[in-house]
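Working through the structure, step by step
Here is how the chains run, residue by residue.
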Amino acid sequence: MQHTLITAQDIMTTGLVTVSPTEDVLDGIDRLLRHGISGAPVIAASKEFLGTFSEKSSMAAFDVIDSERRRRCDKTFHHVRAGDFMTRDLMTVSPETDAVDAIGILLRNHVSGLPVVSKGEFVGSFSEHSAMKVIIDLTWNQISDGPVSAWMDRDRDRVITENTPLEEVRERFRDTVYRRLPVVNHGRLAGQISRRDVLRVQLDELIDSYGNNIGTMKLSELSEPGQRMKWTIEHFMATGAKHISPDTPLMTIAQQFFSSSGRRLPVVENGQLLGQVSRRDLLSSVRHFFADEQPPVQQPLYLSSTSRNVTAVRS
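Summarised in this report is the structure supplied together with it.

What counts, and at which threshold
Residues numbered from 1 in each chain as written. Predicted model: local features only at pLDDT ≥ 70, side-chain atom pairs only at ≥ 80, totals over all residues. Heavy atoms only, no water. Phe/Tyr/Trp six-rings, centres within 6.5 Å; stacked < 30°, edge-to-face > 60°. Buried < 20%, exposed > 50% of the residue type's maximum accessible area, 1.4 Å probe, protein only. Helix = DSSP H or I, 4+ residues; strand = E, 2+ residues; numbered from the N terminus. Polar contact = N/O pair within 3.5 Å; in protein donor to acceptor, adjacent residues only side chain to side chain. Pairing = 2+ DSSP bridges. Axes fitted to C-alpha atoms, helices over the stretch in contact; angles between N-to-C directions. Parallel < 35°, antiparallel > 145°, perpendicular 65-115°, else oblique. Left-handed = near helix turned anticlockwise from the far one by under 90°. Contact = heavy atoms within 4.5 Å. Nonpolar A, V, L, I, M, F, W, Y, C, P; charged D, E, K, R; others polar.

In total, this model carries 1 aromatic pair according to the counting rule given. When the centroid spacing of 5.6 Å and the interplanar angle of 45 degrees are considered together, the rings of Trp 231 and Phe 236 count as tilted. By relative accessible area, which is 18% here, Trp 231 ends up buried.

See below:
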């Protein structure tokens, strides 16, 4: 049987939510939140791919827009604590959970990370980034499957408490690659805060400070004449964002995800955006190779020319 190497074009997602570089940055932030996405490609009127606008970009925007007005509002950010807006109902895994099973939990529940808890104590995090390392180890490095504890992130610098001020939470996200911060009290997991949680709080507070409702006007209309310059997406987008070509091999994509903090790679050809490959797209395409105690698969991974189903072929 003839086989074709799996590439970006085989697993990429099309029909993406995109933004324009001239769009007001507040409307761009609102679009990310409404669609529940952590980033969007920035496309010119000519359809040229220009960069990406992400949650990280959004946080940078909140650092500069309307700071004077936000400082004057009755309910300031400094009065908001992590315990006021953290997510309490969390899905967790234990250190003994099989790593491939944990990847399945990520995919089935549409979450990008899981706190790892042992007898109520927070011991680490298992994320899509951790999963990239699992896939690389099982495929390229021929390491046998193992528990979550072998790949989880044990970094304690990401831990905060219920009393951590919002301003400090914002700084932690701004200065690190973290996407979620576990809220831990006396060693026990109490909740979790994501970048998206912080953006929602900031946007709500900004709207409240103007006395306007998001349902009655565009966010770009919140500014009063002379109050601030028009901050657009092009002021905050990442122009040096990594992108890949349609023929980029699957395992090269996995390595790029593991070596960076990005969750998605735009697929670009001749300057035009064709689609996007996310960590989730990659994990969904390869996870079943390792489920049900199947042996590790040597690279490369191939796609049968007679079927859209992935076939593993030993080299």
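After that view of the structure, there is still more to cover.
The next point concerns the side chain of Arg 280. Within the secondary structure layout, Arg 280 lies in helix 11 (residues 279–290). According to the relative accessible area criterion, Arg 280 is buried, its value standing at 18%. Side-chain polar atoms of Arg 280 contact the backbone oxygen of Leu 106, separated by 3.3 Å.

Here we take up the pairing of strand 3 (residues 49–54). For strand 3, the tally of buried residues reaches 5 of 6 residues, placing the bulk of the element in the interior. For strand 2 (residues 39–43) and strand 3, the ladder comprises 5 bridges, and the chain directions are antiparallel. Each bridged residue has a counterpart across the sheet, and for Val 42 the counterpart in strand 3 is Gly 51. In this structure, the hairpin formed by strand 2 and strand 3 is closed by a connection of 5 residues, where Lys 47 is found at a positive phi of approximately 75 degrees.

When two helices pack together, their arrangement is given by the angle between the helix axes and the distance between those axes. It is at 10 Å that the axes of helix 2 (residues 25–35) and helix 3 (residues 55–62) come closest, and there the two elements cross at 140 degrees. In terms of orientation, helix 2 lies oblique with respect to helix 3. For the pair helix 2 and helix 3, the crossing hand works out as left-handed. Of helix 3, the residues touching helix 2 (which contributes Val 25, Leu 26, Ile 29 and Leu 32) are Glu 55, Ser 58, Ala 61 and Phe 62. Taken together, the residues of the contact of helix 2 with helix 3 break down into 6 nonpolar, 1 polar and 1 charged.

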